[in-house]
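Chain and residue survey
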Amino acid sequence: MALMPKRVKYRKSQVGKTRGIASRGNRLTFGEYGLKAIENGFIKSNQLEAARVAVARKLRGAGKFWIRIFPHKPVTKKPAETRMGKGKGDLSHWVGISKRGLVLMELGGIPEEFARQVFRLVAFKLPVKTRFISRAGEH
């Protein structure tokens, strides 16, 4: 089941700009290791779900995992081979906004080398470039 908000004030939103640096959510809060976005972009709810499943399979119940990004933004799409005009398209999927420096996911309770392996698998599932960070290595 894909992540999406329970209720929203407006069903459709404007695209907006994907630029800037994350001023909030840019530090490790829960775990010892994290995956930090190093470029801006949108992360779909099904990509987050794929990442979550990859982590759950690899961890096999060990450690604790936190997802720090949520898909709040609705994305619309018009059907293929439709003429221009006739209003905005129907809701297609939900995305989370990833800014540079945002900590996307965190892990705790496992060795660092294993955390690196897990986040390597996760990085393949995500559309933005990421970097492994740890509490020891954080400034």
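Relevant structure appears above.
Keep in mind that this is a model prediction, so the values were computed, not measured.

Let's talk about helix α2 (residues 112–125)
Counted at 1.5 Å a residue, the expected span for α2 with its 14 residues is 20 Å, and the 20 Å between its end C-alpha atoms agrees. Taken together, the buried positions of α2 are A115, V118, F119 and V122. Across the axial projection of α2, the buried residues extend over an arc of 95°, all falling on one side. Opposite its buried face, α2 presents the exposed residues E113, R120 and F124, each directed more than 90 degrees away.

Considerations on the sheet that holds strand β5 (residues 90–98)
With antiparallel pairing, the three strands of this open sheet are ordered in space as β2-β5-β4. Since the sheet does not close on itself, it has two edges, and those belong to β2 (41–44) and β4 (73–77), each with one partner. On average, adjacent strands in this sheet sit at an angle of 50° to one another, irrespective of strand direction. With five bridges joining them, β4 and β5 adopt antiparallel strand pairing.

Details of the sheet that holds strand β1 (residues 33–37)
Strand order in the open sheet made by the four strands is β3-β6-β1-β7, with antiparallel pairing throughout. Only two strands of the sheet have a single neighbouring strand rather than two, namely β3 (64–67) and β7 (130–134). The average undirected angle you get between the axes of adjacent strands in this sheet is 20°. As paired strands, β1 and strand β6 (residues 103–108) are joined by four bridges and run antiparallel to one another. Looking at the pairing, Y33 lines up with L107 of β6. Lying over the sheet, helix α1 (residues 45–59) contacts β3 and β6, oriented at roughly 175° with respect to β3. Most of the contacts of α2 go to β1, to which it runs at about 30°, and overall it touches β1, β3, β6 and β7.

Cut-offs and rules
Residues numbered from 1 in each chain as written. Predicted model: local features only at pLDDT ≥ 70, side-chain atom pairs only at ≥ 80, totals over all residues. Heavy atoms only, no water. Helix = DSSP H or I, 4+ residues; strand = E, 2+ residues; numbered from the N terminus. Expected span 1.5 Å × (residues − 1). Buried < 20%, exposed > 50% of the residue type's maximum accessible area, 1.4 Å probe, protein only. Arc of directions from axis to C-beta. Pairing = 2+ DSSP bridges. Axes fitted to C-alpha atoms, helices over the stretch in contact; angles between N-to-C directions. Contact = heavy atoms within 4.5 Å.

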